[in-house]
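Architecture and fold: a report
So the chains spell out like this:
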Amino acid sequence: MNLHEYQGKDILSSFGVRIQRGIVAKNANEAVAAAKQLTAETGTGWHVIKAQVHAGGRGKGGGVKLAKNLKEVEEIAGQIIGMQLVTPQTSAEGKKVHQVLVAEDVYYPGETETSEFYVSVLLNRGTGRNMIMYSTEGGMDIETVAEETPHLIFTEEIDPATGILPFQARRVAFNLGLEGTAFKEMTKFVTNLYTAYVKSDASLFEINPVLKTSDNKIMAVDAKVTIDDNSLFRHKDYLDLRDLREESAIEVEAGALGLNYVDLDGNVGCMVNGAGLAMATMDLIKQAGGEPANFLDVGGTADAARVEAAFRIILKDPAVKAILINIFGGIVRCDRVAQGVIDAYKNMGNIEVPIIVRLQGTNADIAKKLIDDSGLDVMSATEFQEAADKVQAVLA
Ligand code: GDP
Ligand code: MN
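Residues numbered from 1 in each chain as written. Chains lettered and ligands numbered in written order. Predicted model: local features only at pLDDT ≥ 70, side-chain atom pairs only at ≥ 80, totals over all residues. Heavy atoms only, no water.

Thoughts on the coordination of the manganese ion (ligand 2)
Let me state the cut-off plainly: In this analysis a donor is any N, O or S atom within 2.8 Å of a metal ion (3.2 Å for sodium, potassium and calcium), and since water is not included, sites may seem incomplete. For the purposes of this entry, the term helix denotes a DSSP run of H or I that reaches at least four residues, the term strand denotes a run of E that reaches at least two, and both are numbered from the N terminus. Exposure categories follow from relative accessible area, calculated using a 1.4 Å probe and restricted to protein chains: below 20% of the type maximum is buried, above 50% is exposed, and the middle band is partly exposed.
The manganese ion (ligand 2) binds to the protein through Asn208 (O) and Asp222 (OD); the donor distances cover 2.2 Å. Placement of asparagine 208 in strand β10 (residues 202-212) and of aspartate 222 in the loop between β11 (218-220) and β12 (224-227) is noted, with a sequence separation of 14 residues between them. Residue asparagine 208 is classed as buried on the basis of its relative accessible area of 14%.

Next up, the structure:
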């Protein structure tokens, strides 16, 4: 589950991580009220208006703007809320902005120069350990830093038994070139950030930029947070943080039906059991000259109800020109799946697109006969290649 910047910052703050303070607003009036409140609480005269969408690179797309007075707050908030924000991380049509974070300006001038860093906590799948990844090159996207100046990215692996140790937090602050107050602030920042990551069962906390202010405070200016879905049962309070408007509507619906569905750009709908077979099926479709329209794992119990649910989800995509059902009957018997396909097909009334069913494994022969004798406009196949040829034929 991905969070908005303001939600991520709330979690950080609750673990003692210093943040750029802000208040969420849904319209220009609320934005002005938020700005007034922030001025009263922090003394800031300037505010940054930040689009709240699940995508990075908002600054580049015009979704982060500085307002130097209340009139500008009103203007900029009015302009950003409701816009389709296009950033390097969104599709070409962009994402609709429903709300903004009105934040205090923290790049004020002072005794020292401000500087921006990159700090994230994530799982290193290679070692199976959490690590802190950090860089002096804050504010830029980390992929570019990794490509152009990889020596400026550092990592600190954390032993799960001990958690982050004081010398590790000091090493981060040292490698970032800090000293004095800022050095101490950074050790505290990193330690609390790591605690927030572990305690919230996150799979990512990416803070870019982490800012050293002109008076040597270290704070999170941005927060990209992903909570591990598998942990949500023990974070009931986080369930409210989910913003379904940010997710693909069709994926949300599939999820509610217990289907593993990922929307893709192609023309052949896939219904498969098992993620590995689903991926092999997508390869097969490509080889046959098609493009998969989706990834769909119906799971182990491919009965009529699930097959029907899967049909309905796949057919919501107008780009689908054919459906390939590829089921391996290991635990589930192929004849049951075949019956499921036939029942679902009859239930659905009229399915316009050609359907190719490949059933292999237990009772595959009975299944093929069921499909062939059903009188329905469904093509059966037992071999992979045969299924590919049939896909190719219907696309031609
Ligand atoms: P992103 O573009 O989606 O990553 O959004 P960020 O939250 O990282 O903001 C983008 C950029 O806006 C930052 O890299 C900063 O340079 C700038 N920014 C953020 N907060 C302030 C602020 O308080 N004052 C000023 N002047 N710039 C800010
Ligand atoms: Mn950022």
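Side note on the packing of aromatic side chains
Note the threshold: Only Phe, Tyr and Trp rings take part, Trp by its six-membered ring, and two of them pair if their centres are within 6.5 Å. Stacked means planes under 30 degrees apart, edge-to-face means over 60, and tilted covers everything else.
All told, the structure shown has two aromatic pairs when counted by the stated rule. On the numbers, 5.2 Å between centres and 20° between planes, the contact of tyrosine 134 with phenylalanine 154 is stacked. Of this pair, tyrosine 134 sits in strand β8 (residues 129-135) while phenylalanine 154 sits in strand β9 (residues 153-157), and the two are 20 residues apart along the sequence. Overall, the relative accessible area of 0% leaves tyrosine 134 in the buried class.

Concerning the pattern of salt bridges
To keep things clear, this is the line we draw: Salt bridges are defined as contacts in which a side-chain nitrogen from Lys or Arg sits within 4 Å of a carboxyl oxygen from Asp or Glu.
The final tally for this structure, using the stated rule, is 20 salt bridges. For lysine 50, the salt bridge identified is with glutamate 5, shortest N-O distance 2.7 Å. Pair noted here: lysine 50 is in strand β2 (residues 47-51) and glutamate 5 is in helix α1 (residues 5-14), with a separation of 45 residues, a long-range link. Exposure remark for lysine 50: the relative accessible area of 4% places this residue in the buried category.

A look at the UniProt feature "domain: ATP-grasp" (unreviewed entry) in the chain
Here is the rule we go by: UniProt positions are given in the numbering used here, feature names are shortened, and annotations may be inferred rather than shown by experiment.
UniProt feature "domain: ATP-grasp" (unreviewed entry): in the numbering of this structure it lies at residues 9-236. As annotated, residues 9-236 comprises 30% helix and 27% strand, and the C-alpha atoms at either end are separated by 18 Å.

What to know about the sheet that holds strand β3 (residues 64-67)
Operational definition: The criterion for strand pairing is that DSSP finds at least two bridges linking the strands in question. Only the contacting stretch of a helix is used when fitting its axis, a line to C-alpha atoms as for every element, and angles between N-to-C directions run 0 to 180 degrees. Here a residue-residue contact requires only that any non-hydrogen atoms of the pair lie within 4.5 Å.
With respect to topology, four strands assemble into an open sheet ordered β1-β6-β2-β3, the strand pairing being antiparallel. Either end of the sheet is taken by a strand with one partner, and the two such strands are β1 (22-25) and β3. The average undirected angle you get between the axes of adjacent strands in this sheet is 25°. Pairing of β1 with strand β6 (residues 100-104) involves four bridges; the strand directions are antiparallel. Counted as the bridge partner of isoleucine 23 is valine 102 from β6. Along the sheet face, α1 touches β1, β2 and β6 and points at about 50° away from the line of β6. Along the sheet, helix α3 (residues 70-80) contacts β2, β3 and β6; its crossing angle with β3, the most-contacted strand, is approximately 165°.

Overview of the site of ligand 1
Using the following cut-off: If a single non-hydrogen atom of a residue is within 4 Å of a molecule or strand, that residue counts as near it. In protein, a polar contact means a hydrogen-donor-capable atom and an acceptor-capable atom, both N or O and within 3.5 Å, with residues adjacent in sequence counting only if both atoms are side-chain atoms; elsewhere, any N or O pair within 3.5 Å suffices. Residue burial considers only the protein chains on display, and all accessible areas are found by Shrake-Rupley using a 1.4 Å probe.
The full set close to ligand 1 counts 17 residues, and Lys50, Arg58, Gly59, Asp105 and Val106 are the nearest of them. Glutamine 20 places a side-chain nitrogen or oxygen 3.0 Å from an oxygen atom of ligand 1. A distance of 3.2 Å separates an oxygen atom of ligand 1 from a polar backbone atom of glycine 57. Protein coverage of the free-state accessible area of ligand 1, which is 570 Å², stands at 80%. Those elements that provide at least two residues to the shell around ligand 1 are β2 and β10.

Structural notes on the UniProt feature "binding site: ATP" (unreviewed entry) in the chain
Those places that UniProt annotates as "binding site: ATP" (unreviewed entry) correspond, in this numbering, to Lys50, Gly57, Arg58, Gly59, Val106 and Glu116. Tracing the backbone shows glycine 57 in the loop between β2 and β3. Contacts of glycine 57, omitting those with residues within four sequence positions, involve Thr87, Pro88 and Gln89. In this fold, valine 106 is placed in the loop between β6 and β7 (115-124). Note on valine 106: relative accessible area 0%, which makes it buried. Ignoring any residue separated from it by four or fewer positions in sequence, one finds valine 106 in contact with Gln20, Leu211, Thr213, Met219 and Val221.

What about the side chain of lysine 50?
A polar side-chain atom of lysine 50 sits 2.9 Å from the main-chain carbonyl oxygen of valine 221. Beyond its immediate sequence surroundings of up to four residues, lysine 50 is in contact with Glu5, Lys9, Gln20, Arg58, Gly63, Val64, Gln99, Val100, Leu101, Ala103, Val221 and Asp222.

Remarks on the domain arrangement of the chain
Filter applied, for reference: Segmentation of the chain into domains, including their bounds, is taken from an automatic or database domain assignment.
Domain annotation of the chain identifies domain 1 (1-19 + 111-247), domain 2 (21-105) and domain 3 (249-395). Of note, the centres of domain 1 and domain 3, computed from C-alpha atoms alone, are 42 Å apart.

Side note on the environment of glycine 126
Mapped onto the fold, glycine 126 is located in the loop between β7 and β8. In the structure, glycine 126 is positioned 30 residues away from lysine 96 in sequence and 37 Å away in space, judged by C-alpha atoms.

Comments concerning unusual backbone geometry
A cis geometry characterises the amide bond from asparagine 208 onward to proline 209, with omega recorded as 10°. Positionally, proline 209 belongs in strand β10. Of note in the backbone geometry, asparagine 363 takes a positive phi value of approximately 60° without being a glycine. With respect to the element layout, asparagine 363 can be found in the loop between β17 (355-361) and α11 (364-373). Classification of asparagine 363 by relative accessible area gives partly exposed; the value is 26%.

Digging into the pairing of β2
Counted residue by residue, β2 has five buried out of five residues, so it is predominantly covered. In this sheet, β3 lies alongside β2 in antiparallel orientation, the contact comprising four bridges. Each bridged residue has a counterpart across the sheet, and for isoleucine 49 the counterpart in β3 is lysine 65.

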